[in-house]
Amino acid sequence: MEEFQLIAIFLFVLFLLLGTGVWVGLALLGVAFVGMELFTTRPVGDTMITTIWSASSSWTLTALPLFIWMGEILYRTRLSQDMFKGLSPWLAPLPGGLVHTNIVGCTIFAAVSGSSAATLTTVGKMSIPELRKRNYPEKMVIGTLTGAATLGLMIPPSLTLIVYGVTVNESISELFIAGILPGLILASMFMAYVAIYSFVSSNYNPDSEAKQTFFEKLANSRFLIPIILLITVVIGSMYAGLATATEAAAIGVIGSLLLAASQKLLTWKTFYESLMGAVRTSAMIALILAGAAFLSLSMGFTGLPRALAETIAELELSRFELLMALLLFYVVIGCFLDGISSVVLTMAVVEPMIRTAGIDIIWFGIFIVVVVEMAQITPPIGFNLFVMQGITNHGMGYIARAAIPMFLIMVLMVFVLIFVPEIATYLPENMSKLNN
Amino acid sequence: MQIFLRRVRSFLDALYLGSGMIAAVFLIAILFLIVLQMLARWTGEIFSGAPEYAGYSMAAASFFAFAHALNKGAHIRVGLLLNAVPKKVLPIVEGWCFAIGTALAWYFVYYAGKATYWSWKFNDISQGQDASPLWIPQMSMVLGSIVFAIALTDHLLHVVFAGSHRIEADVVEQGHGE
């Protein structure tokens, strides 16, 4: 029973530190320290440094700051204006009209940025005022944007997937490629919802758009060509096996700098701001990863992961039952922790479980991302809600309610993913691989 | 005394920002190293050690930026309790968080310093292609975490004596990683 008490202390410290608001990275470090002291006689401090040094100085991790930097640069270009102007003539004739610019805009920006908060701000900056001007129902504008911005996490590059890949030691390019189809399917589901809603609802009467000829449309969207080109090069080079994820990120940074320069927006100020922004965000994630690396070592000594994996194996749950349990588990965790923290905190325990159950680890990465996305738009700590609140001054409750349909679509997406796992596994299995 | 304190204040603020800028230089270094390695591969040359150097730069870019990220409110924390407690109790909770953080950071500094000292003393060489003495890249971990520990101590003292910390709280900044 003594073992049990030690584990209880260990978990208590975990909840205490996280719950009282100690910064997640430091909290994980503290819990790991307590775990090591309780369960081993090893020299704790020295082991900590060895583990954290090798985790922090890893080559795979370098994709992280570069992709963040790329997003920060493009965020400071004229991209949001260009995107609205370029997309609206094509999307206006669809049922549901210009609300689709929210979704398609998010999908495109998601392909150059790994963050859903950045996606939301960039697309929303332009589309919210423009859609309001045209009398689109406010709830629809807010809801679709809040929901579709979560695509930033799924469509490559994705910071959550990099963190997941580093944590479970799997190829980041494969995870990225795996996210493409599910991301596009989710985007189409959002669009289908908008189309259906526009037919059914009686208060969906936006102003109609001026008709444009094909060539006018083409002329308006010429500004989108550079960005589409950039996306093709970054993702294509990974898929074709010409570049690793890190190298694709470096190409992306250079491409974004060129794009900003071509718009004459590359000043010292924007360069400095994008660089410092990237440094901060990447340091934030690096601190969490450092704490998590030490925690997962410490967690190993507690015997908790193995015991849990064995218990789960004894229960003989079917794949579906196990995934449902995990879905519930992550939705609950998502109420308290952000996506990256919940991935790194739980993987030490969940990874053995998944591998024992014979679930594809790449596929599970996509699964976990959809689930984490759902937490982005649910109170109390959905980051997209905070960001949206900042842009629109609507209350959290209003935004969360507006996003409920999107939340339900994501739940549907989880089931699609479970029953048709090929949508996540087909592309990575057929890509050419550079390393491993 | 007042003048002295103001000098200390501006020195510390410059230290945090300067440390963040060093981190930024290392981020640019990562970009250069990776581009060079790519060019080398495409032209059939070998740039041995590039992955290791990029890794060291990654560590430096992280450790040197911890303090700057803290000041700008970029580090993620669970805000549920902090938002719920009454204004009077808040300094106590904040004080607790900073105390834990400060203790852990100095603990880390001590062992990072120790490990780096032994790397230097025994002339530990990297296992990778670069074969560089490990104490050089490890210095970034020591120096960066010292600045981070100073920053946490700084905020802790501010909470204790002035009742509030000096972090520019910004949930949106935290959200940038998501």
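Owing to the predicted nature of the structure, the values given are computational and were not obtained by experimental measurement.

## Some details on the overall build of chain B
Broken down by element type, chain B carries seven helices and zero strands. Each helix (α) and strand (β) of chain B, taken in turn from the N terminus, gives the series α-α-α-α-α-α-α. Seen through its C-alpha atoms, chain B measures out along the principal axes to roughly 65 × 40 × 30 Å. Among the 178 residues that make up chain B, the fraction classed as buried is 48%. By sequence separation, contacts in chain B at least 24 residues apart represent 72% of the contacts at least 6 residues apart.

## Overview of the overall build of chain A
Looking only at helices and strands, one finds 23 helices and zero strands in chain A. A globule of 436 residues ought to have a C-alpha radius of gyration of about 22 Å, and chain A, at 22 Å, matches this closely. On the principal axes, the C-alpha backbone points of chain A span a range of 75 × 50 × 45 Å. Counting all 436 residues of chain A, 62% fall into the buried class. Taking all contacts inside chain A whose residues are at least 6 apart in sequence as the whole, residues at least 24 apart take part in 80%.

## Observations regarding helix α19 (residues 361–376) of chain A
All names here are of chain A. Here α19 spans 23 Å end to end across 16 residues, near enough to the 22 Å set by a 1.5 Å rise per residue. The buried count for α19 comes to 16 of 16 residues, which makes it a mostly enclosed element. Its side-chain oxygen placed 2.9 Å from the backbone nitrogen of I362, D360 serves as the N-cap of α19.

## Observations concerning the nonpolar core
Grouped together as the largest cluster of nonpolar side chains are 213 residues, with contacts concentrated most on A:L66, A:W69, A:F364 and A:F367. Setting aside anything within four residues of it in sequence, one finds A:F367 in contact with A:L323, A:L327, A:V414, A:L417 and A:I418.

## Here's the deal with the interface of chain B and chain A
Quoted interface sizes are often the accessible area lost when the parts come together. Of the residues lining the interface, 67 residues belong to chain B; the matching set on chain A comes to 72 residues. When chain B packs against chain A, the two sides together hide about 5,800 Å² of surface, and 77% of this comes from carbon and sulfur. On the surface where chain B and chain A come into contact, there are two salt bridges. In this structure, A:E247 engages B:R41 in a salt bridge whose closest nitrogen and oxygen atoms are separated by 2.7 Å. Of all the elements, helix α1 (residues 2–42) of chain B adds the most residues to the side of chain B that touches chain A, at 15 residues. Here the residues of the side of chain B that touches chain A are counted per class, giving 48 nonpolar, 13 polar and six charged.

## Focus: the pattern of salt bridges
All names here are of chain A. According to the stated counting rule, one finds 15 salt bridges over all chains in the structure shown. Its salt-bridge partner being E273, residue R76 comes within 3.6 Å of it at the nearest N-O pair. Here R76, found in the loop between α4 (63–75) and α5 (79–91), pairs with E273, found in helix α15 (residues 268–302); they are 197 residues apart in sequence, far enough to count as distant. Classification of R76 as partly exposed rests on a relative accessible area of 24%. Judged by its relative accessible area of 30%, E273 is partly exposed. Residue R132 is joined to E138 by a salt bridge in which the shortest nitrogen-to-oxygen separation is 2.8 Å. The exposure class of E138 is partly exposed, given its relative accessible area of 21%. Within this structure, E72, R76, K269 and E273 form a network of salt bridges that share partners.

## Details of unusual backbone geometry
All names here are of chain A. Cis geometry is found at the peptide bond from P156 to P157, where omega equals -10°. As for its position among the elements, P157 is in the loop between α9 (151–154) and α10 (159–168). Even without a glycine there, the phi angle at K264 is positive, about 55°. With respect to the helices and strands, the residue K264 is situated in the loop between α14 (245–262) and α15.

## Side note on the packing of aromatic side chains
All names here are of chain A. Under the definition given, this model contains 28 aromatic pairs over all chains. Relative to F39, the ring of F10 lies with its centre 6.4 Å away and its plane at 90°, an arrangement referred to as edge-to-face. Residue F10 is located in helix α1 (residues 2–20), and its partner F39 is located in helix α2 (residues 24–39); the two are separated by 29 residues in the primary sequence. The buried category is assigned to F10, whose relative accessible area is 1%. Classification of F39 as buried rests on a relative accessible area of 17%. Between the aromatic rings of W363 and F367, the centroid separation amounts to 5.5 Å while the plane-to-plane angle is 20°, which identifies the pairing as stacked. Taken as a pair, W363 and F367 lie in helix α19 at a separation of four residues, close to a single helical turn.

## Observations concerning the confidence of the model for chain B
Per-residue confidence for chain B gives a mean pLDDT of 91, with 94% of residues at or over 70. The ipTM assigned to the predicted complex is 0.95, against a pTM of 0.93.

## Description of a nonpolar patch on the surface
Residues and elements named next belong to chain A. A cluster of nonpolar residues, W90, F214, F215 and L218, forms a patch on the protein surface that exposes about 450 Å² of accessible area. With three residues, the top contributor of residues to the nonpolar patch is helix α12 (residues 214–220). As for its position among the elements, F214 is in helix α12.

## A look at the packing of α10(A) against α19(A)
Residues and elements named next belong to chain A. Where α10 meets α19, the closest approach of the two axes is 10 Å, and the angle between their N-to-C directions is 140°. When the axis of α10 is compared with that of α19, the two are oblique. When you trace α10 past α19, the crossing you get is right-handed. When α10 is examined against α19, the residues T160, L161, Y164 and V168 are found in contact with a partner set consisting of I361, F364, G365, I366, I368 and V369. The residue inventory of the contact of α10 with α19, partitioned by class, reads eight nonpolar, two polar and no charged.

## Things to note about the side chain of B:Q37
Along the chain, B:Q37 turns up in helix α1. If near-sequence neighbours (up to four positions away) are discounted, B:Q37 is found in contact with A:W59, A:E247, B:F47, B:A50 and B:P51.

## Quick notes on helix α11 (residues 172–200) of chain A
Residues and elements named next belong to chain A. With 29 residues, α11 extends 42 Å from end C-alpha to end C-alpha; this agrees with the ideal 42 Å at 1.5 Å per step. The principal kink in α11, of about 25°, is found at I180, preceding the proline P182 by one to four residues. Of the residues that open α11, the one with a side-chain oxygen 3.4 Å from the backbone nitrogen of S173 is S171.

## Examining the environment of A:G86
All names here are of chain A. Looking at where G86 falls in the secondary structure, it is placed in helix α5. Considering only alpha carbons, one finds G86 and A219, 133 residues apart in sequence, at a separation of 8.4 Å. For G86, the residues in contact, after removing those within four places along its chain, are N220, S221 and L224.

## Observations regarding the environment of B:F122
Within the secondary structure layout, B:F122 lies in the loop between α5 (90–121) and α6 (135–162). Sequence separation of B:F122 and B:W135 is 13 residues, and the distance between their C-alpha atoms is 9.8 Å.

Thresholds applied
- Residues numbered from 1 in each chain as written.
- Chains lettered and ligands numbered in written order.
- Predicted model: local features only at pLDDT ≥ 70, side-chain atom pairs only at ≥ 80, totals over all residues.
- Heavy atoms only, no water.
- Helix = DSSP H or I, 4+ residues; strand = E, 2+ residues; numbered from the N terminus.
- Buried < 20%, exposed > 50% of the residue type's maximum accessible area, 1.4 Å probe, protein only.
- Contact = heavy atoms within 4.5 Å.
- Rg over C-alpha atoms; globule rule 2.2 N^0.38 Å.
- Expected span 1.5 Å × (residues − 1).
- Polar contact = N/O pair within 3.5 Å; in protein donor to acceptor, adjacent residues only side chain to side chain.
- Core = buried A, V, L, I, M, F, W, Y, C linked by side-chain atoms within 4.5 Å.
- Buried area = accessible area lost by both parts, 1.4 Å probe.
- Salt bridge = Lys/Arg side-chain N within 4 Å of Asp/Glu carboxyl O.
- Nonpolar A, V, L, I, M, F, W, Y, C, P; charged D, E, K, R; others polar.
- Phe/Tyr/Trp six-rings, centres within 6.5 Å; stacked < 30°, edge-to-face > 60°.
- pLDDT = per-residue confidence, 0-100.
- Patch = residues over 30% accessible without salt bridge, like charges linked within 9 Å, V, L, I, M, F, W, Y side chains within 5 Å.
- Areas by Shrake-Rupley, 256 points an atom, 1.4 Å probe, with all protein chains shown as cover.
- Axes fitted to C-alpha atoms, helices over the stretch in contact; angles between N-to-C directions.
- Parallel < 35°, antiparallel > 145°, perpendicular 65-115°, else oblique.
- Left-handed = near helix turned anticlockwise from the far one by under 90°.
- Bend = angle between axes of the 7 residues up to and from the residue.

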